[in-house]
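Observations on chain architecture
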Amino acid sequence: MMRMIKRADITPRQSALIKLYAVLSALIASSFFIFLLGHNPLDVYVSMAKGAFGSAYRIKDTITITIPLVVTSVGIMIAFKMKFWNIGAEGQILVGALFASYVALNFDALPKPLLLLVMMIAGFAGGGLWAMIPAMLKVRFDTNETIVTLMMNYIALQWITYLQYGPWKDPNSMGFPKIANFADNAVMPKIFGVHVGWIFAIFLVVLMTFVMRRTKQGYQIAVVGESKNTARYSGINVSKVIVLSIIVSGGICGIAGMMQASAVNQTLNTQLSAGYGYTAIITAWLSGLSPILIVPVSVLFAAMTKGGSFIQTAFQIPQSAAEIIQSLILFFVIGSEFFVQYKLVFNKKGKKEDAA
């Protein structure tokens, strides 16, 4: 009675309409849940928008959440373009922050511009080295990169925990397991009330758009993603492309960690990544692995996060209920990708299938 057919081609307009229908369906489905909570759905949705964009302060908070999402999503995009499923951005963020924090805590006598530059390089190196491990295992032993990168997230988290409770514990914290705050030299400055990471995020999006569309490296990544055999036949060193690209992918995620440690937390702790490494997987995928589209998708996810926090206070909604609303919206939006890739064909009753 019903079968799935892979879509041969779909226009950007059709894809956008499918996702729009998904958002509308999500709002309708969430409305029933909000009714059960005893609230007017329209009031709740308006409050979510106000919570994200209702004042200059809230807009700045939403942008602050958007920055690491954009940067991490771009890093993940590079890996996904090669069909290397990098689920380890969370760990790469943490290790990038760890390397940057070492510089911040031990070389704070450097001039601020130089110190921040060295911290960014260290963050890139940390994230890149952490990503290089599963990349080497993949090209050498053909391991499952999804499992390896995911497990390495927990190793990175435990490293930070060990440092926080052990060697890097601040002796002036009165016994509290805390790493010392950064000196002012190691804190990123603000422009228009938001740390300068937003400028880097815009620059990164423009740069990666150019690299993926106009350079030899971008072409090689695309070919490897389409078919490794075709890439080898055309003379591309597949192993080299995979390892170097994944190092860059992890390095960019590491820079996101550096910015979170410097500009937001102003220290290193286990809550630093705030789940951005996992959320960025979704934003990168929903953007169609397009650097330009990553920006609006990340803004929407940041707004949903900020708005969800706001309605907890405005309507006295428990955190779990607010998360259910966010999850319903997320479920429908992610589910729309199925209809972008496939279409359902219903056979008329009694109609015979074509002979195989």
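To start, this report covers the structure provided alongside it.

Conventions adopted
- Each residue is numbered by its place in its chain's sequence as written, counting from 1.
- Reporting of local features is limited, given that this is a predicted model, to residues whose pLDDT is at least 70; pairs of side-chain atoms are given and counted only at 80 or more, and all residues count toward the totals for whole chains, interfaces and linings.
- Hydrogens and water molecules were not included; the side-chain quantities draw on all heavy atoms of the structure.
- Two joining distances apply to patches: 9 Å for like charges and 5 Å for nonpolar side chains (Val, Leu, Ile, Met, Phe, Trp, Tyr), and every residue must have over 30% relative accessible area and no salt bridge.
- To measure how exposed things are, a 1.4 Å probe is used in the Shrake-Rupley method; for residues, cover is taken only from the protein chains shown.
- For this analysis, a salt bridge means a side-chain nitrogen from Lys or Arg found within 4 Å of a carboxyl oxygen belonging to Asp or Glu.
- Helix and strand labels come from DSSP, where a helix needs a run of H or I of at least four residues and a strand needs a run of E of at least two; each type is numbered from the N terminus.
- Here the term buried applies to any residue with accessible area under 20% of the maximum for its type, exposed to any over 50%, and partly exposed to those in between, with areas from a 1.4 Å probe on protein chains only.
- Working definition: rings of Phe, Tyr and Trp (its six-membered ring) pair if their centres are within 6.5 Å, and the pair is stacked with planes under 30 degrees apart, edge-to-face with planes over 60 apart, and tilted otherwise.

So, on to a nonpolar patch on the surface. A cluster of nonpolar side chains, contributed by Met1, Met2, Met4, Phe338, Phe339, Tyr342, Leu344 and Phe346, occupies part of the molecular surface with about 850 Å² of accessible area. Secondary-structure elements contributing two or more residues to the nonpolar patch are β1 (2-6), α13 (319-341) and β4 (342-346). Position of methionine 1 among the secondary structure elements: in the segment before β1. Overall, the relative accessible area of 68% leaves methionine 1 in the exposed class.

In this structure the tally under the stated criterion is four salt bridges. A salt bridge links glutamate 337 to lysine 19; the shortest N-O distance between them is 3.1 Å. Within this pair, whereas glutamate 337 is found in helix α13, its partner lysine 19 is found in helix α1 (residues 12-36), the two being separated by 318 residues in sequence. Its relative accessible area of 12% is what places glutamate 337 among the buried residues. A salt bridge links lysine 306 to aspartate 61; its shortest N-O distance comes to 2.9 Å. Note that lysine 306 is positioned in helix α12 (residues 291-314) and aspartate 61 in helix α3 (residues 56-81), a separation of 245 residues in sequence.

This model, assessed by the stated rule, comprises ten aromatic pairs. An angle of 75° between the planes, with centres 6.2 Å apart, marks the rings of phenylalanine 80 and tryptophan 285 as edge-to-face. Placement of phenylalanine 80 in helix α3 and of tryptophan 285 in helix α11 (residues 276-286) is noted, with a sequence separation of 205 residues between them. Look at phenylalanine 80 and you get buried, because its relative accessible area is 5%. Measuring from ring centre to ring centre gives 5.1 Å for phenylalanine 338 and phenylalanine 339, while their planes differ by 90°; the resulting arrangement is edge-to-face.

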